[in-house]
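# Structure at a glance
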Amino acid sequence: MAAATLPSAQEWRSIGPEPQQQLALAPCAATPPNRARSATKMLPRFDPGVMETYLDDMREMKIRVHELFRQHPDLLPNVEEGLSKEEHRSLVRRSLKVILQAGYSPLDLLARDPRKYFYLGECLSMVDLSLMVKSGVQYSLWGGSVLNLGSEAHRRRYFDDIAQFRLPGCFAMTELKHGSNVAALQTEAVLDTLTDEWVVHTPDEGAIKWWIGNAAEDGRAATVFARLKVPDPNGGPKLVDHGVHAFVVPLRDESGNTLPGVEIRDCGYKVGLNGIDNGAIRFTHVRVPRINLLDRFASVDKSGRYSSPLTSQARRFAATLGELTGGRVGLTGGSVGVLKGAVTIAVRYAALRQQFGPPDSPEVAVLDYQSTQLRLMPLVATAYALHFAKGLLIEKYVDMKRTREPKLVEEVHALSAGLKAYTTSYTQAALSTCREACGGHGYAAVNRLGALRSDHDIFQTFEGDNTVLLQQVSAMLLKEYRQQFSGAPLTATYHYLRASLLGALPNNPLVTHDTEPRHLRDPAFLSKALEYRTARMLFTLSLRLRKHGPRLGAFHAWNKCLNHVLDLANSYVESVVYKTFLRAVAGCVDPECRRSLKAMSDLFALRLIEGDMMFRNDEYIAPAKSKAISRLVVQLCSELRGVALNLVDAFAIPDHILRAPIGLGGNGGVGGPQPDAYREYLVAAGFDV
Ligand SMILES: Cc1cc2nc3c(=O)[nH]c(=O)nc-3n(C[C@H](O)[C@H](O)[C@H](O)COP(=O)(O)OP(=O)(O)OC[C@H]3O[C@@H](n4cnc5c(N)ncnc54)[C@H](O)[C@@H]3O)c2cc1C
């Protein structure tokens, strides 16, 4: 996607809602004949190939990766067969090897070309989420922790073995009793100055490492997060606890036997992702050399003297966790991949499935029902919105890695936390909506929506629980707010808002009551409304915290405002996503594609405004305007229905990767007339047809 500046108001109008340009009647090729009669308004059709090219500048790589699985269909898990966890794990292992043998080295990509690394992850998401996550554990978590938290010596020592999967490894942070609260982990690493070794130990059952990916069967080493303890330099009797640090700890020998002091149990069957061997690990006085401390942010010499360029424990901790943002970027991409797959299945099926109709007439496609359009078209629009937002996140991540500019580090931390949380929660809800939109056949395992829902569910929890991540976003916004808005993206809005809330600047009544589609679809109105919402929430949250803080203390004041905190973070993310979408609309040169993108960006923003009572309560939007927005949302969904198949065809997920008989596309899945889904489905059920 090319970066683009935003068009002027006049230019937007030429893309947007000029009624005479917008409403060309152009029935979709796959639209049932009765559709044309019932159609009122439609967007001009576009070539999905052109849209795909705009969305995806690395499609050659996707084609090659997906081709690997056409050549190895045995590697695609058949959900109907009900693989045991051992069978699924073995399948995933073989798939990883096939990827490596084909010349893709995910760790090399992560280190040298992260855009391609994240793209590979998204390509694998609809192949098998277990495979995507297994690769993420080995390369982003295990490999990424060594590369990002260790020194050049660690990198030299481990890089090739990790890259080639000769040294499968783990990221062992979570414990039985502590997940989100990483600072409270209890595993300890005590320096023995006599032998120059760390003694890694699990002090009680609550500190057993839990859920550790790659641990149950494959892992031969792990990055273990433990409290670093050294003798008191002043000779006191107690050890000095420097907080949580990362250590490389071998787990198994080359034959796969656990090493002395290491006890590993299998976490067993999970709700999904059973191709990953999650395990629990207990350490009993395991000794590793002092150099196994991943010492990018702190080191300890032979005598036990601790030193760090970062002055406080809190800053070291933040720097350590800050280096792990790559995992969240990867999950965001994978989640967008799943969302695209789910809406592709649901839209294609809804366009084909017919139920009821006018008397003496053919039945209509369920996608022609207003309720189905309202269910599915916002999902398609949001899949596009999040696709572009994920692109922005990756660009910023790449820039951050290149420049290490502190402001950018903070921004990427907040953006990755916010987008990971928003995207994975959205996709999870969308999977249920897609299942429902497909009726009973959506519930058949072979159509994959159930398996995707089970596999994807945990994306909301691992790599940072979404509720916890959103709080980090709001904390960042409050910090910026307190820094007198200097350089903050919302500065102008804050000032406007303050004046407005103090009654000095009432909302312009003409704007409040304007119900014209031209105004309602004006990006200036939509972005301002979304910014107003974020700024208002930020302003009022800050007031509430200031009010409650002195009486309740910071922790309880925060907890009292927690819903507000979460709403603020979501609102901020939505504002960023919308702005990114607008840039993508502006950067698209093909007029037909751009028209559909603009309609989707309008729908994305209008749905948010429609669903938020705050605009009504604040009299930011008069009741008549609110009704006009609801009408426009319905209209946009109806218009987009005409290009719905093109929109999902542009995601270009080939049939052999999508694999849901009810969702197959024409021409192998990349567009064209839909094949007979019922026939595919009957064949999948074992009928001779
Ligand atoms: C399949 C799977 C794979 C995993 N892989 C790994 C791995 O490879 N390595 C690893 O180290 N870990 C791994 N994990 C662990 C995962 O990262 C943690 O489960 C996650 O960080 C959440 O921690 P928790 O389970 O302790 O939940 P908790 O933190 O106990 O959360 C429980 C509930 O409390 C809420 N909550 C917690 N804190 C707050 C708060 N401050 N405010 C409001 N609500 C709050 C949460 O939203 C949640 O609903 C994996 C987990 C699973 C299930």
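Residues numbered from 1 in each chain as written. Predicted model: local features only at pLDDT ≥ 70, side-chain atom pairs only at ≥ 80, totals over all residues. Heavy atoms only, no water.

## A short note on the overall build of the protein chain
In plain terms, the rule: Helix and strand labels come from DSSP, where a helix needs a run of H or I of at least four residues and a strand needs a run of E of at least two; each type is numbered from the N terminus. In this description the radius of gyration comes from C-alpha coordinates, and the expected globular size is given by 2.2 Å times residues to the power 0.38. Partly exposed residues are those whose accessible area sits between 20% and 50% of the maximum for their type, while under 20% is buried and over 50% is exposed, using a 1.4 Å probe and protein chains only. Contacts are residue-level and defined by heavy atoms, with any inter-residue pair within 4.5 Å sufficient. All accessibility values rest on the Shrake-Rupley procedure with a 1.4 Å probe; residue burial counts only the protein chains present in the view.
Helix and strand counts for the protein chain stand at 28 helices and 13 strands. Here the C-alpha atoms of the protein chain give a radius of gyration of 27 Å, agreeing with the 26 Å that 2.2 N^0.38 yields for 689 residues. Each principal axis of the C-alpha distribution contributes one length, and for the protein chain these read about 90 × 75 × 40 Å. Looking at the protein chain as a whole, 58% of its 689 residues qualify as buried. Long-range pairs, those at least 24 residues apart, make up 74% of the contacts in the protein chain between residues at least 6 apart in sequence. Of the accessible surface of the protein chain, which amounts to about 28,400 Å², a share of 53% is contributed by carbon and sulfur atoms.

## Quick look at the pattern of salt bridges
For the record, the criterion: Within this document, salt bridges are pairs made up of a side-chain nitrogen of Lys or Arg and a carboxyl oxygen of Asp or Glu, the two lying within 4 Å of each other.
Counted by the stated rule, this structure contains 47 salt bridges. Here glutamate 188 and lysine 229 are joined by a salt bridge, their closest N and O atoms 3.0 Å apart. With a gap of 41 residues between them, glutamate 188 in strand β2 (residues 188-192) and lysine 229 in strand β5 (residues 221-231) connect regions that are remote in the sequence. Here glutamate 188 matches lysine 229 in class, with each residue buried. Across the pair glutamate 531 and lysine 579 runs a salt bridge whose closest N-O atoms are separated by 2.4 Å. Of this pair, glutamate 531 sits in helix α20 (residues 523-552) while lysine 579 sits in helix α22 (residues 562-587), and the two are 48 residues apart along the sequence. Residue glutamate 531 is classed as buried on the basis of its relative accessible area of 13%. For lysine 579, a relative accessible area of 28% gives the class partly exposed.

## Focus: the sheet that holds strand β7 (residues 262-266)
Going by this rule: DSSP-based pairing: two strands are paired if at least 2 bridges between them are found. All axes are obtained by fitting lines to C-alpha atoms, using only the stretch in contact for helices, and the reported angles, taken between N-to-C directions, cover 0 to 180 degrees.
If you trace the three strands from one edge of the open sheet to the other, you get β4-β8-β7, paired in antiparallel fashion. Strands at the two margins of the open sheet, each flanked by one partner only, are β4 (209-212) and β7. Ignoring strand direction, the axes of neighbouring strands in this sheet form an average angle of 25°. Note: β4 against strand β8 (residues 279-283), two bridges, orientation antiparallel. Within β8, the position partnered with lysine 209 by the bridge is isoleucine 281.

## A closer look at the packing of α22 against helix α23 (residues 591-610)
As a reminder, the rule being used: An angle counts as roughly parallel when it lies under 35 degrees, as roughly antiparallel when it exceeds 145, as roughly perpendicular when it falls between 65 and 115, and as oblique in every other case. With the far helix as reference, a near helix turned anticlockwise by less than a right angle produces a left-handed crossing, and one turned clockwise produces a right-handed crossing. Nonpolar residues are Ala, Val, Leu, Ile, Met, Phe, Trp, Tyr, Cys and Pro. Charged residues are Asp, Glu, Lys and Arg, and all others, Gly as well, are polar.
Taken N-terminus to C-terminus, the directions of α22 and α23 make an angle of 165°; their axes are 9 Å apart at the nearest point. With respect to α23, the axis of α22 lies roughly antiparallel. For the crossing formed where α22 meets α23, the hand is left-handed. Where α22 abuts α23, its residues Glu574, Val577, Tyr578, Phe581, Leu582, Ala584 and Val585 lie against Arg594, Leu597, Lys598, Met600, Ser601, Phe604, Ala605 and Leu608. Residue classes in the contact of α22 with α23 are distributed as 11 nonpolar, one polar and three charged.

## Remarks on the layout of surface pockets
Definition in use: A pocket, in this scheme, is an open set of points on a 1 Å grid over the protein atoms alone with protein on both sides within 12 Å along at least 5 of 7 lines, while a cavity is a set where a 1.4 Å probe fits but cannot get out; residues line either one if an atom lies within 4 Å of a point. Grid points are joined across faces, edges and corners, and a volume is the space filled by probe spheres set on the points.
In this structure, the second largest pocket encloses a volume near 540 Å³. Around the second largest pocket, the lining comprises 29 residues; the ones closest to its centre are Leu55, Tyr119, Glu122, His387 and Lys390. Examining the composition of the lining of the second largest pocket, we find that seven residues originate from one element, helix α13 (residues 370-403), more than from any other. Of the residues assigned to the lining of the second largest pocket, the class counts are 14 nonpolar, six polar and nine charged.

## Overview of the site of the ligand
We count it as follows: The cutoff for a nearby residue is simple: one of its non-hydrogen atoms must lie within 4 Å of the molecule or strand. Residues adjacent in sequence count toward polar contacts only when both atoms are side-chain atoms; beyond that, a polar contact is any pair of N or O atoms within 3.5 Å, and within protein one must be able to donate a hydrogen and the other to accept it.
Around the ligand there are 19 residues in total, and Phe171, Thr174, Ser180, Trp211 and Asp465 lie nearest to it. Threonine 174 places a side-chain nitrogen or oxygen 2.7 Å from a nitrogen atom of the ligand. One nitrogen or oxygen atom from the side chain of threonine 467 is found 3.5 Å from an oxygen atom belonging to the ligand. For the ligand, the protein covers 65% of the area, taking 970 Å² as the surface of the free molecule. Among the elements of the structure, β4 and α16 (466-482) are those that each provide at least two residues to the shell around the ligand.

## Brief notes about α22
Stated formally: Expected helix span is given by 1.5 Å per residue-to-residue step, counting one fewer step than there are residues.
An ideal rise of 1.5 Å per residue puts 38 Å on 26 residues; α22 measures up with 38 Å between its terminal C-alpha atoms. In terms of burial, α22 is largely enclosed, as 19 of its 26 residues are buried.

## Focus on the pairing of strand β1 (residues 169-172)
Of the two faces of β1, both are covered, the one formed by Gly169 and Phe171 as well as the one formed by Cys170 and Ala172. Strand direction decides the pairing type here: β1 and β5, joined by four bridges, are parallel. Across the sheet, residue phenylalanine 171 finds its bridge partner in β5, namely threonine 223.

## Quick word on the UniProt feature "domain: Acyl-CoA oxidase/dehydrogenase middle" (unreviewed entry) in the protein chain
How we decide: UniProt positions are given in the numbering used here, feature names are shortened, and annotations may be inferred rather than shown by experiment.
Summarizing the sequence annotation, UniProt attributes the feature "domain: Acyl-CoA oxidase/dehydrogenase middle" (unreviewed entry) to residues 170-286 in the numbering used throughout. Here residues 170-286 is 0% helix and 44% strand, with 16 Å between the C-alpha atoms at its ends.

## Focus on the nonpolar core
Selection criterion: In this description, a nonpolar core means a group of buried Ala, Val, Leu, Ile, Met, Phe, Trp, Tyr and Cys residues linked to one another through side-chain atoms lying within 4.5 Å.
Counting residues in each nonpolar core, the largest one holds 183 residues, and the members touching the most others are Phe69, Tyr384, Leu597 and Leu647. The element best represented in this core is α13, accounting for 16 residues. Ignoring anything within four residues of it in the chain, the contact list for tyrosine 384 reads Met51, Leu55, Phe581, Leu597, Met600, Leu647, Ala650 and Phe651.

## Points about the UniProt feature "domain: Acyl-CoA oxidase C-alpha1" (unreviewed entry) in the protein chain
Following the UniProt record, the feature "domain: Acyl-CoA oxidase C-alpha1" (unreviewed entry) maps to residues 322-478 here. Segment residues 322-478 splits into 75% helix and 3% strand. End C-alpha atoms: 19 Å apart.

## Description of the confidence of the model for the protein chain
We apply this condition: pLDDT measures how confident the predictor is about each residue, on a scale from 0 to 100.
Considering every residue of the protein chain, the mean pLDDT works out to 90; 91% of them sit at 70 or more. Long-range and interchain partners of residues 18-39, a stretch whose pLDDT sits below 50, account for 46 contacts in this model, where long-range means more than four residues apart.

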